[in-house]
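In case you want the letters, here they are:
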Amino acid sequence: MDVDMDERQIQARFVTKLNPPFKAPPSAITIPATVTRLGLSTIVNSLLKAGDPEWETQPFDFLIDGELVRMSLDRFLLAKGISAEKTLEIEYIKAVVPRKEEEPSLHDDWVSAVDGSCSRFILTGCYDGFGRVWKGAGVCSHILEGHTDVITSVSIINPLGDVTLATASKDQTLRLWKMDSEEGVDDVPAKIRPFKILRGHSASVGSVAAQASGSMICSGSWDCRVNLWQTDVSSAEGDSVSIKKRKTKNGTEEPQLEGAPVSTLVGHTQQVSSLVWPELDTIYSASWDHTIRRWDAETGKDVSSIICGRPFNCLSVGGEGSTLVAAGGSTPILRIWDPRKPGTSAPVYQFSSHTSWISACQWHSKSWFHLLSASYDGKVMLWDLRTAWPVSVIESHEDKVLCADWWKEDCVISGGRDSKLRISSGVPVL
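Per an unreviewed UniProt entry, the recorded name for the protein chain is Ribosome biogenesis protein WDR12 homolog, and the organism is Linum tenue. The heading Function (unreviewed entry) in the UniProt record of the protein chain holds the text "Required for maturation of ribosomal RNAs and formation of the large ribosomal subunit." Recorded under Sequence similarities (unreviewed entry), the UniProt text for the protein chain is reproduced unchanged: "Belongs to the WD repeat WDR12/YTM1 family."

Right under this line is the structure:
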């Protein structure tokens, strides 16, 4: 006699790499074949609560043979050719969803750039030409004054001690700033001026990225060039520095350093939209000319290229071995390439849940699997390479999302055309 599909049962054992009190009993139990992820999460929470009456229910995700389950269990087993006759080993992990949406941090115009690489603060750039430092949601500690047009990109160069910051702008300059990150927050944010202005581009500067040592930065521009700069105050070989006087509001004069590029990388034929400097001698650049180029920073040579056929807006390098290249642009598709596989320009992953252009993407610094993307569709999506669907969708913005990053390892930060910096906290990636 045939058994109805709805009545089918499967033997399963739930395992995890999480530490107590997240470990469920290791013995096999019988579960419905048609159970979904939500049902699996309910089962695991019941097992944990049986061992701890004070257990608080929380969402979990589930892996079978290293792949996230995103359909009913019987359909997943059928799709993957896995036998339902043997005892299944199902690994559970914390679901990557924000636990809390913090109050928005308001700006006077569109939020165009954000950097969360320092756990003590967030750096934003805005269409009003000001940079801002935030110690938390709604707590602005510093305002960076000096640019005469939109800030397009920001970078925290040295997050320790006297912090060095870099900003790029449509005014064709980059500016370097020094800030004491331990300063207290008063009712009125402290206003700081740049200690050095970098001139050398002939068009809007769209991107800035720092070398890990902090001694140099690179910038990409609408003039199709990538310039390399020294960040220190003193003049270095090849870095021409001039000192000019700037009049302050009280009539006194203070010195203003100006720097020129150390070298220039030439090869792109349209706007350079995004940059990453992941290793001492390696720079990646993305452009509207449909290419991602890898440069030898020492020799200035174009080592290799990825060709996509569409303009790129954003670029991030990370994942396994910090080698995977993620990028998005004028399509709704987030693509990931593995440069370790020579002879092919085909992406190894493609994620297509967005419905408009992708404006930002960023790997999680401590995970091989997780990255985020932001889009003009108003959404920030969190991805896990072990499934083709987003593991979480953040819809806290009221308009296009222009920038996004990770912060404190468990927060997602984003800015957009609604003039807000949003912080989604409690994202359990690790």
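Asker: Give a detailed account of the overall build of the protein chain, specifying residues and quantitative values.
Answerer: From N to C terminus, the protein chain includes 2 helices and 37 strands. Its C-alpha atoms give the protein chain a radius of gyration of 24 Å, near enough to 22 Å, the size a compact globule of 430 residues would have. Each of the three principal axes of the protein chain carries a C-alpha extent, and together these read 90 × 55 × 35 Å. Split into buried and exposed, the 430 residues of the protein chain put 53% on the buried side. Intrachain contacts of the protein chain at a sequence separation of at least 6 include 50% that bridge at least 24 residues. Accessible surface, the protein chain: about 19,400 Å² in total, of which carbon and sulfur atoms supply 49%. Positive and negative side-chain charges of the protein chain, numbering 44 and 54 respectively, have mean locations separated by a distance of 3 Å.

Asker: Tell me what's going on with the sheet that holds strand β32 (residues 370-375), and back it up with residues and numbers.
Answerer: Here 4 strands make up an open sheet; going across it, the order is β31-β32-β33-β34 and the pairing antiparallel. On the outer flanks of this sheet lie β31 (358-363) and β34 (392-394), each paired with one strand and no other. Ignoring strand direction, the axes of neighbouring strands in this sheet form an average angle of 20 degrees.

Asker: Please give an account of helix α1 (residues 37-51) that cites residues and values.
Answerer: Compared with an ideal rise of 1.5 Å per residue, which puts 15 residues at 21 Å, α1 spans 22 Å between its outermost C-alpha atoms and is within 8% of the ideal. For α1, every residue scored as buried is listed here: G39, L40, S41, I43, V44, N45 and L48. Turning to α1, the residues buried within the fold contact β1 (9-15), β2 (29-32), β3 (60-64) and β5 (88-94).

Asker: An account of the pairing of strand β17 (residues 205-210) is needed here, citing residue identities and associated values.
Answerer: Residues in a regular strand project their side chains so that they alternate between the two faces of the sheet. Burial runs high along β17: 6 of the 6 residues are buried. Relative to strand β18 (residues 216-221), β17 is paired through 5 bridges, and the arrangement is antiparallel. When the bridges of β18 are listed, A209 appears paired with C218. If you look at the hairpin formed by β17 and β18, you'll find 5 residues sitting between the two strands, and G214 has a positive phi there, around 85 degrees.

Asker: Before we move on, could you go through the packing of aromatic side chains and cite the residues and values that matter?
Answerer: As enumerated under the stated definition, the model contains 10 aromatic pairs in all. Relative to F62, the ring of F14 lies with its centre 6.2 Å away and its plane at 70 degrees, an arrangement referred to as edge-to-face. Separated by 48 residues along the polypeptide, F14 in strand β1 and F62 in strand β3 bring together distant segments of the chain. F62 shares its class with F14; the two are buried.

Asker: Run through the pattern of salt bridges, naming residues and quoting values.
Answerer: Following the criterion strictly, the structure yields 18 salt bridges and no others. For E102, the salt bridge is made with K100, and the minimal N-O distance between the two is 3.7 Å. Notably, a salt bridge pairs R132 with D128, separated by 2.7 Å at the nearest N-O pair. Of the residues examined, R132 reaches a relative accessible area of 7% and is grouped as buried. Here the salt bridges do not stand alone but share partners, grouping R37, D61 and R70 into one network.

Asker: Please give an account of the sheet that holds strand β26 (residues 302-307) that cites residues and values.
Answerer: Within the open sheet, the 4 strands sit side by side as β23-β24-β25-β26. Their pairing is antiparallel. Bordering the open sheet on either side are β23 (272-279) and β26, each of which pairs with just one other strand. Between one strand and the next, the sheet's axes are offset by a mean angle of 20 degrees, whatever the strand orientation. Sheet analysis places strand β24 (residues 282-287) next to strand β25 (residues 291-296), joined by 5 bridges and oriented antiparallel. Among the inter-strand pairings, S285 is bridged to a residue of β25, identified as R293.

Asker: Describe in detail helix α2 (residues 73-80), supporting the description with residues and values.
Answerer: Every buried residue of α2 is accounted for by L73, D74, F76 and L77. On an axial view of α2, the arc spanned by its buried residues comes to 160 degrees, and they lie on one face. Turned more than 90 degrees from where α2 packs its buried face, R75, L78 and A79 sit exposed. Looking at the buried positions of α2, the neighbouring elements they touch are β1, β2, β3, β4 (67-68) and β5. A positive backbone phi angle near 70 degrees is found at G81, which sits one or two residues after α2.

Asker: Explain the side chain of T173 residue by residue, including any values.
Answerer: Its place among the elements puts T173 in strand β14 (residues 173-180). A polar side-chain atom of T173 sits 2.7 Å from a polar atom in the side chain of D171. Engagement of the side chain of T173 in a polar contact is seen with the side chain of R175, the distance being 3.3 Å. If near-sequence neighbours (up to four positions away) are discounted, T173 is found in contact with H147, T167, A168, I197, L198, R199 and V205.

Quick notes on the rules
- Residues numbered from 1 in each chain as written.
- Predicted model: local features only at pLDDT ≥ 70, side-chain atom pairs only at ≥ 80, totals over all residues.
- Heavy atoms only, no water.
- UniProt positions renumbered as here; feature names shortened; annotations may be inferred.
- Helix = DSSP H or I, 4+ residues; strand = E, 2+ residues; numbered from the N terminus.
- Rg over C-alpha atoms; globule rule 2.2 N^0.38 Å.
- Buried < 20%, exposed > 50% of the residue type's maximum accessible area, 1.4 Å probe, protein only.
- Contact = heavy atoms within 4.5 Å.
- Areas by Shrake-Rupley, 256 points an atom, 1.4 Å probe, with all protein chains shown as cover.
- Lys, Arg positive; Asp, Glu negative; His and termini not counted.
- Charge placed at Lys NZ, Arg CZ, Asp CG, Glu CD.
- Pairing = 2+ DSSP bridges.
- Axes fitted to C-alpha atoms, helices over the stretch in contact; angles between N-to-C directions.
- Expected span 1.5 Å × (residues − 1).
- Phe/Tyr/Trp six-rings, centres within 6.5 Å; stacked < 30°, edge-to-face > 60°.
- Salt bridge = Lys/Arg side-chain N within 4 Å of Asp/Glu carboxyl O.
- Arc of directions from axis to C-beta.
- Polar contact = N/O pair within 3.5 Å; in protein donor to acceptor, adjacent residues only side chain to side chain.

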